[in-house]
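Below are the chains, spelled out letter by letter.
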Amino acid sequence: MKPIKPEVNYLKLRPTNLFSETYRHLLLLIYWPIYGALFWFVETHYSKFYDKLGIELHEMYLPIDDMIPFNELFVIPYVFWFLYIVLSIAYTLFYDVDMFKKMSYFIMITYTCALISYYTYPTMQCLRPESFARDNFLVDFMRDFYAYDTNTNVCPSVHVFGSISSTIAFAGTKKLGSGIKITAHVMNVLIILSTLFLKQHSVIDAVVALVISAVAYVIVFRPGIFAKRKPAS
């Protein structure tokens, strides 16, 4: 198997050529700090304006949520999500720029939908366990994570959005083998399940994210503004 060569030589990147055809896809990365700032504000400060704006928190819950037990083993795929996104961005940025663009558009659509929901229809969940059946380092991690991460702004699940976007990137590129693509799909399932088994999300959060993802996928990958049209034969 021949080694995959990078599509772009970023060593030649300069401020003067950032807007060129070769490098302007890097401008899509600007979305990340914008999203981060808006998410930080809605998580830490926006609740102070709920009363003035006449906004209420809406609890996300389905009876099936009670049937899903807490399982700390899902900490592993849940935390891996962060690295999963970084790896997919880094890989496509160097080895499949077209997929990087599509992945970025997918993220921009889905994450923006999440932000709109968080600002206009704030949600929360009350699924986190008050006590744990076991005591180990994974449980300790979740205790600390619960203290850090609020139980608000949960629908739709950004964890699901990010997992699907990375899976699309790895599974959609023609340059990777079937083994990696299958692994990506397995990781996608495990990450989505982790949001439920760690009681970070209700099933409804995941379902809404899946529906929005399906719509975003059609928008991004259909022939049109984002996807390249196939030449007529």
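Residues numbered from 1 in each chain as written. Predicted model: local features only at pLDDT ≥ 70, side-chain atom pairs only at ≥ 80, totals over all residues. Heavy atoms only, no water.

A closer look at unusual backbone geometry
Cis peptide bonds are those with omega within 30 degrees of zero, and the linkage from Cys 155 to Pro 156 qualifies with 0°. Mapped onto the elements, Pro 156 comes out in the loop between helix H5 (137–148) and helix H6 (158–172). One non-glycine residue, Lys 199, lies in positive phi territory at about 60°. Position of Lys 199 relative to the elements: it lies in the loop between helix H7 (178–197) and helix H8 (203–221). Residue classification places Lys 199 among the buried residues on the basis of a relative accessible area of 8%. (Helix = DSSP H or I, 4+ residues; strand = E, 2+ residues; numbered from the N terminus. Buried < 20%, exposed > 50% of the residue type's maximum accessible area, 1.4 Å probe, protein only.)

Details of the side chain of Asn 188
Relative to the elements of secondary structure, Asn 188 occurs in helix H7. The class for Asn 188 is buried, based on a relative accessible area of 13%.

Remarks on the state of the cysteines
This structure, assessed with the given rule, holds zero disulfides. Lacking any disulfide linkage, Cys 126 is separated from the closest cysteine sulfur, that of Cys 155, by 14 Å. Residue Cys 155 stays outside any disulfide, its sulfur separated by 12 Å from that of Cys 113, the closest cysteine. (Disulfide = S-S within 2.5 Å.)

A short note on a nonpolar patch on the surface
On the surface, Ile 182, Val 186, Val 189, Leu 190 and Leu 193 cluster together into a nonpolar patch covering about 390 Å² of accessible area. Relative to the assigned elements, Val 186 resides in helix H7. (Patch = residues over 30% accessible without salt bridge, like charges linked within 9 Å, V, L, I, M, F, W, Y side chains within 5 Å. Areas by Shrake-Rupley, 256 points an atom, 1.4 Å probe, with all protein chains shown as cover. Salt bridge = Lys/Arg side-chain N within 4 Å of Asp/Glu carboxyl O.)

Concerning the pattern of salt bridges
Once the charged atoms of two side chains with opposite charge are near each other, the side chains can pair. Using the criterion set out here, one finds seven salt bridges in the structure. The shortest N-O distance in the salt bridge between Lys 102 and Asp 98 comes to 3.0 Å. Taken as a pair, Lys 102 and Asp 98 lie in helix H4 (residues 97–120) at a separation of four residues, close to a single helical turn. Judged by its relative accessible area of 13%, Lys 102 is buried. Of the residues examined, Asp 98 reaches a relative accessible area of 25% and is grouped as partly exposed.

Section: the packing of aromatic side chains
For the coordinates displayed, the defined rule picks out 25 aromatic pairs. Consider the rings of Phe 94 and Tyr 95, whose centres lie 6.4 Å apart with planes at 45°: the pair is tilted. Overall, Tyr 95 belongs to the partly exposed group, its relative accessible area being 24%. Here Phe 141 and Phe 145 contribute two aromatic rings whose centre-to-centre distance is 5.8 Å and whose plane-to-plane angle is 20°, an arrangement assigned as stacked. With Phe 141 and Phe 145 both in helix H5 and four residues apart, the pair spans about one turn of that helix. On the basis of relative accessibility, which here comes to 32%, the residue Phe 141 falls in the partly exposed class. (Phe/Tyr/Trp six-rings, centres within 6.5 Å; stacked < 30°, edge-to-face > 60°.)

Topic: the side chain of Thr 173
By the secondary structure assignment, Thr 173 is in the loop between H6 and H7. Of the residues examined, Thr 173 reaches a relative accessible area of 0% and is grouped as buried. Of note is the side chain of Thr 173, whose polar atom sits 3.3 Å from the backbone nitrogen of Lys 175. In this structure Thr 173 touches Tyr 91, Asp 96, Met 99, Ile 168 and Lys 181, once residues within four positions along its chain are discounted. (Polar contact = N/O pair within 3.5 Å; in protein donor to acceptor, adjacent residues only side chain to side chain. Contact = heavy atoms within 4.5 Å.)

A few points about the nonpolar core
Of all hydrophobic cores here, the largest spans 47 residues; its most connected members are Tyr 10, Tyr 111 and Val 158. Looking at which element gives the most residues to this core, the answer is H4, with eleven residues. Excluding residues within four positions of it along the chain, Val 158 makes contact with Tyr 35, Trp 81, Tyr 111, Ala 114 and Tyr 118. Ranked by size, the runner-up nonpolar core spans eleven residues in total, among them Val 75, Met 142, Phe 145 and Leu 198. (Core = buried A, V, L, I, M, F, W, Y, C linked by side-chain atoms within 4.5 Å.)

Points about helix H1 (residues 31–44)
With 14 residues, H1 should reach 20 Å at 1.5 Å per residue; the first-to-last C-alpha distance of 20 Å fits that figure. Taken residue by residue, H1 has Tyr 31, Tyr 35, Val 42 and Glu 43 as its buried positions. Buried residues along H1 cover an arc of 95° about the axis, so they all sit on one side. Contacts from the buried residues of H1 go to H4 and H6. (Expected span 1.5 Å × (residues − 1). Arc of directions from axis to C-beta.)

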